[in-house]
Amino acid sequence: MSSKVRLYQLGHYLLSGLLLTIVPATTALAATGFATLNGGTTGGAGGQVVNASTGTQIHEALCNRPSSDTPVIIHVQGTITPGNTSDVDGDSCNTADGVIEIKDVSNVSIIGVGSGALFDEVGIHIRNSSNIILQNLHVRDVKKSNGTTSNGGDAIGMEADVSNVWADHLTLEAFGGEDEGYDGLFDMKNNTRYVTLSYSILRNSGRGGLVGSGDSDDQNNFITYHHNLWQNIDSRTPLLRFATAHAFNNHFNGLNSSGMNPRIGGQIKVENNYVENARNPLGTFYTDDMGYWDVSGNIWDNVTWESGSDETPAGPNPISTTFINIPYSYSLDNASCVPQIVAATAGANKGLLVSNGSCQTGSSSSSSSSSSSSSSSSSSSSSSSSSSSGGGGTQVTIQENTFGFCGVDGTVDSDNGGFTGSGFANTDNASGTSVDWRVNVPSSGNYLLEWRYANGSSSRPGNVQINGGTVTNTDFPSTGSWTSWTLASANVFLNAGQSDISLVATSSGGLANIDSLTVTGNGPQAADCNGGGSSSSSSSSSSSSSSSSSSSSSSSSSSSSSSSSSGGSGSCSDIKSGGQSGNFNTTGPYCFRVLSSVNGWGVSNFAGRSISVTVNGSGTAVTTPGAPLPSKGSGDYYHFDSTAGSFPWASVYWW
C-alpha cells in the first residue's frame with residue numbers, strides 16, 4: 001500500500017498516475033464482454049449467501065438448494081484441497097470427489113472473500129450449466145498425471161452445453177507443461193458459449209487455454225479476454241477453433257512457442273494489447289487450416305516472428321485478415337499503459353480493482369456495460385423486440401408469427417414444451433424446406449445470428465441464406481429431446497437496409513424445431529415481410545398473414561415470395577425465385593431479383609430478355625426498367641412500377 005495514495009475508503013485509488021476503482025471483495029461487479037449477451041450473466045444474484053471453507057461445503061451449498069436453478073452465492077475463504085472435497089448427493093446438484101463440480105446447475109456465484117480462496121490441486125469443472133460467476137479465486141497445481149489428479153489437469157474446464165460464464169479476478173497457475181502432468185489453465189469445449197475471462201493471471205503453463213478440443217468441435221463461440229496477464233506460457237493464449245473471440249487490453253509477457261492461435265475458421269479481434277518477450281504471439285500454428293484476425297492498437301515489444309511448414313504468423317507487421325463486429329460496449333485503455341494497469345488489477349486478492357478506462361479517469365466500464373446488457377436480455381424475450389446491450393451493439397429477437405417472421409415450409413406448432421413465444425417453426429421433413437425472416441440494419445457489417453432450437457432426432461444441418469444466396473451453413477445437433485432447447489449460430493455480413501434471412505434444410509429430415517431468431521449487431525430491427533418499414537415493436541397484424549404467401553420462398557426455385565427488398569427507390573415486393581412464372585401477393589411496386597441460378601438459369605440468361613406482368617388475369621404495362629432487361633449481377637434487383645395500383649396477386653413472365 002505504500003505506493004498508493006489513498007483517496008477515500010473503498011473508492012478510487014491513484015496508482016502511478018492511473019485512476020482505478022476498488023470495490024469490496026464481497027461485492028461482485030457486473031459482467032463484461034460476451035458474457036453480457038444471451039440473457040446476461042448474473043450468477044447467484046438475489047440468492048442466499050452461503051459461506052464455505054472446504055470443497056465439500058461448496059458442494060453442499062449447491063446440493064441444499066430447492067432446485068438446480070435456485071440462485072446461490074457461495075463465499076469461499078480458506079484452502080480447498082482434494083482431501084476436503086467430497087461428493088455430496090442431492091436433487092439440485094451433480095458433484096464428485098476431488099474436483100469442484102458445477103454440473104447440471106445454473107445461477108451460481110463462487111466468490112473468494114476475506115483472506116482469500118486457494119484451490120490447491122483442485123480444479124473447477126463446469127458442465128451442462130449456465131449463468132455462472134467465478135470471482136477472486138486462486139487455482140493452482142491441477143494435474144492429470146504425475147501426482148494428485150483433478151479435472152483432467154485443467155485449472156478451470158468447461159464442456160458440454162455451458163453458457164454465460166464470467167470468470168473474473170482469478171489467478172490460474174501451473175508449474176510446468178504436459179510432461180509434468182498439466183493440461184490447460186482455462187479450457188472450453190463441446191458447445192461452450194458466451195464466456196468472459198477478465199482481470200486474471202494465467203502463468204507458468206505449457207498451455208494457456210483452448211476453445212474447441214478438436215477439429216470437429218465446432219459449437220463453441222463468443223469468448224472475451226480482457227485485462228489479463230498471460231505470463232510464461234508455451235502456447236494457446238488461446239487456441240481457437242471455429243469460434244469468435246475478442247482480446248483487448250491483455251498483457252502477454254513470455255510466450256515461448258506461440259500465442260493467440262485461431263485456426264480452422266476461428267477468428268479473433270485483437271485490440272490494444274501489450275505483447276512482449278514473445279515468439280509468434282499471433283497467427284495460425286501447427287495446422288494448414290487457417291484462422292483470421294482483426295488487429296488494431298497493439299504494441300509488439302521484443303517479438304520474434306518465425307514461419308515454418310505449419311506456422312503462419314501474423315507478423316512481423318500484423319495486419320487484419322478479417323473484420324469482426326463486437327456487439328457489446330467496452331472501454332479501451334491505451335496499449336502503452338496495459339502492463340502497469342494489469343499489474344495493479346489482475347488476479348485474485350487484488351480487492352477487485354478495475355481500470356476506469358483510457359488509463360486516466362472515468363467510472364468502471366463493467367457496471368455500465370453490463371447494466372445495459374441486462375436490460376437487453378429482459379426485453380429480448382418478448383417477440384420481435386430490440387434490446388440494447390450498450391454502445392452500438394443491440395439485439396432483436398423474432399418469434400414465430402410476429403413482425404419479421406416471414407414463414408415456414410411447414411407449420412407453427414406448440415405441442416412440445418419449453419418454447420418462448422407462441423410456438424415454434426416446424427418444417428416439413430424434406431431437404432430444401434426453410435424458415436424465413438426479414439430484418440433491417442442501419443449499416444453494413446458483421447452480424448451474429450442465433451437460433452434457439454430443439455432437436456429430438458439426429459443432426460439436422462441447414463444452409464444460411466441472405467437475400468437468396470447461401471453464405472454459410474450451421475449444424476443443429478441433437479439436443480436429446482424435442483423439449484430440450486439450446487442455441488446454434490452463424491456470423492454473417494449484412495448490407496445496410498433490409499435483408500431476407502433463410503434457414504434451408506440440407507437433409508431429408510428438414511430442420512430442427514426453431515423457437516426464435518436473435519440478430520446481434522449495430523441496431524438490427526425486425527422488418528415487414530410485406531415490404532413496409534422496420535419496427536422494434538413486438539406486434540404486427542400483417543406479419544401473420546404474410547407468412548402464408550412467403551412460407552415456401554426459399555425451399556424451391558419454382559416458388560415465389562412476398563418478402564421485401566432494400567434495392568432501388570422505395571420498398572417493393574420481390575420474386576426472388578420464380579421460374580417461367582410465379583404468383584405472389586403484393587400491394588404496390590414489385591421487383592424481380594436475380595439469383596446465381598433460377599430454375600437452372602444462370603445470371604447471364606436474363607440479360608436482354610423481355611418481361612410481362614399479368615395482374616388478376618389482365619396484362620399491365622411495365623414502365624421501369626422496361627424491356628429488354630439490362631444486365632444484372634447475382635443478388636441484384638430489377639424494379640418495376642405497377643400501373644394497376646394495389647392488387648392481390650400477379651404473375652410475371654419473361655422470355
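Going by the structure above, here's the rest.
Residues numbered from 1 in each chain as written. Predicted model: local features only at pLDDT ≥ 70, side-chain atom pairs only at ≥ 80, totals over all residues. Heavy atoms only, no water.

1. Details of the packing of aromatic side chains
The geometry of two aromatic rings is summed up by the distance between their centres and the angle between their planes.
Line of reasoning, step 1. Tallied over the full model, the rule gives 14 aromatic pairs.
Line of reasoning, step 2. Ring plane angle 40° and centroid distance 5.6 Å describe the contact between Phe-34 and Phe-222, whose orientation is recorded as tilted. With Phe-34 in the loop between β3 (18-21) and β4 (48-52) and Phe-222 in strand β18 (residues 221-226), this residue pair connects regions lying 188 residues apart in the sequence.
Line of reasoning, step 3. According to the relative accessible area criterion, Phe-222 is buried, its value standing at 1%.
Line of reasoning, step 4. Taking the centre distance of 6.2 Å and the plane angle of 50° together, the rings of Phe-285 and Tyr-286 count as tilted. (Phe/Tyr/Trp six-rings, centres within 6.5 Å; stacked < 30°, edge-to-face > 60°. Helix = DSSP H or I, 4+ residues; strand = E, 2+ residues; numbered from the N terminus. Buried < 20%, exposed > 50% of the residue type's maximum accessible area, 1.4 Å probe, protein only.)

2. Points about unusual backbone geometry
Line of reasoning, step 1. Cis geometry marks the peptide bond from Thr-237 to Pro-238, where omega comes out at 0°.
Line of reasoning, step 2. Position of Pro-238 relative to the elements: it lies in the loop between β19 (229-235) and β20 (239-241).
Line of reasoning, step 3. A cis geometry characterises the amide bond from Gly-315 onward to Pro-316, with omega recorded as 20°.
Line of reasoning, step 4. Relative to the assigned elements, Pro-316 resides in the loop between β29 (311-313) and α2 (338-345).
Line of reasoning, step 5. Unusually for a residue other than glycine, Tyr-199 sits at a positive phi of about 45°.
Line of reasoning, step 6. On the secondary structure map, Tyr-199 appears in the loop between β15 (192-198) and β16 (201-207).

3. Some thoughts on the side chain of Arg-460
Line of reasoning, step 1. Within the secondary structure, Arg-460 sits in the loop between β37 (445-454) and β38 (462-466).
Line of reasoning, step 2. The side chain of Arg-460 sits in the buried core without any salt bridge; Asp-475 is the nearest counter-charge, 9.4 Å away.
Line of reasoning, step 3. At a separation of 2.8 Å, a polar atom in the side chain of Arg-460 contacts the main-chain carbonyl oxygen of Gly-509.
Line of reasoning, step 4. In terms of polar contacts, Arg-460 uses its side chain to reach the backbone carbonyl oxygen of Leu-511, at 3.3 Å.
Line of reasoning, step 5. Beyond its immediate sequence surroundings of up to four residues, Arg-460 is in contact with Asn-429, Asn-455, Asp-475, Phe-476, Trp-482, Ser-507, Gly-509, Gly-510, Leu-511 and Ala-512. (Lys, Arg positive; Asp, Glu negative; His and termini not counted. Salt bridge = Lys/Arg side-chain N within 4 Å of Asp/Glu carboxyl O. Polar contact = N/O pair within 3.5 Å; in protein donor to acceptor, adjacent residues only side chain to side chain. Contact = heavy atoms within 4.5 Å.)

4. Section: the pairing of strand β32 (residues 394-399)
Line of reasoning, step 1. With 6 of 6 residues buried, β32 is to be regarded as a mostly interior element.
Line of reasoning, step 2. Residue alternation in β32 divides its side chains into two sets, Thr-394, Val-396 and Ile-398 and Gln-395, Thr-397 and Gln-399, and both sets are buried.
Line of reasoning, step 3. Strand direction decides the pairing type here: β32 and strand β42 (residues 513-521), joined by 6 bridges, are antiparallel. By the bridge assignment, Gln-399 is partnered in β42 with Ser-516. (Pairing = 2+ DSSP bridges.)

5. Side note on the pairing of strand β8 (residues 124-127)
Line of reasoning, step 1. Where strand β6 (residues 100-103) and β8 come together, 4 bridges link them in parallel fashion. Directly across from Glu-101, in β8, lies its bridge partner His-125.
Line of reasoning, step 2. Judged from the 4 bridges that link them, β8 and strand β11 (residues 156-159) form a sheet pairing that is parallel. Across the sheet, residue Ile-126 finds its bridge partner in β11, namely Met-158.

6. Here's the deal with the side chain of Lys-269
Line of reasoning, step 1. Its place among the elements puts Lys-269 in strand β24 (residues 267-271).
Line of reasoning, step 2. The class for Lys-269 is buried, based on a relative accessible area of 9%.
Line of reasoning, step 3. Side chain to side chain, Lys-269 and Asp-294 meet in a polar contact 2.8 Å long.
Line of reasoning, step 4. Residues within four places of Lys-269 in sequence aside, it is in contact with Ala-245, His-246, Ala-247, Asp-294, Phe-323, Ile-324, Ile-326 and Tyr-330.

7. Here we look at the layout of surface pockets
The rolling of a water-molecule-sized probe over the atoms marks out the regions of remaining empty space.
Line of reasoning, step 1. Of the volumes computed, that of the largest pocket is approximately 1000 Å³.
Line of reasoning, step 2. Lining the largest pocket are 37 residues, and of these Asn-38, Arg-452, Trp-485, Thr-486 and Leu-487 lie nearest its centre.
Line of reasoning, step 3. Looking at the lining of the largest pocket, the elements with two or more residues in it are β12 (162-168), α3 (365-380), β32, β37, β40 (485-494) and β42.
Line of reasoning, step 4. Size it by volume and the second largest pocket reaches roughly 750 Å³.
Line of reasoning, step 5. For the second largest pocket, the lining is made up of 34 residues, of which Asn-221, Phe-242, Thr-472, Ala-490 and Asn-491 are closest to its centre.
Line of reasoning, step 6. Counting only elements with at least two residues in the lining of the second largest pocket, the list comes to β18, β37, β39 (469-474) and β40.
Line of reasoning, step 7. For the lining of the second largest pocket, the element with the highest residue contribution is β40, accounting for 5 residues.
Line of reasoning, step 8. Among the residues making up the lining of the second largest pocket, the classes are represented as 16 nonpolar, 15 polar and 3 charged. (1 Å grid on protein atoms, 1.4 Å probe; cavity = no way out; pocket = protein on both sides within 12 Å on 5 of 7 lines; lining within 4 Å. Points joined across faces, edges and corners; volume = space filled by probe spheres on them. Nonpolar A, V, L, I, M, F, W, Y, C, P; charged D, E, K, R; others polar.)

8. Some points on the pattern of salt bridges
Line of reasoning, step 1. For the structure shown, the criterion picks out 12 salt bridges.
Line of reasoning, step 2. Glu-159 serves as the salt-bridge partner of Arg-127, at 3.4 Å between the closest nitrogen and oxygen. Placement of Arg-127 in strand β8 and of Glu-159 in strand β11 is noted, with a sequence separation of 32 residues between them.
Line of reasoning, step 3. Lys-144 is the partner of Glu-178 in a salt bridge, and the nearest nitrogen-oxygen pair spans 3.0 Å. Within this pair, whereas Glu-178 is found in the loop between β13 (171-176) and β14 (186-189), its partner Lys-144 is found in the loop between β10 (138-140) and β11, the two being separated by 34 residues in sequence.
Line of reasoning, step 4. For Glu-178, a relative accessible area of 42% puts it in the partly exposed group.
Line of reasoning, step 5. A single network of salt bridges, built from pairs that share partners, joins Lys-144, Glu-178, Asp-183 and Arg-207.

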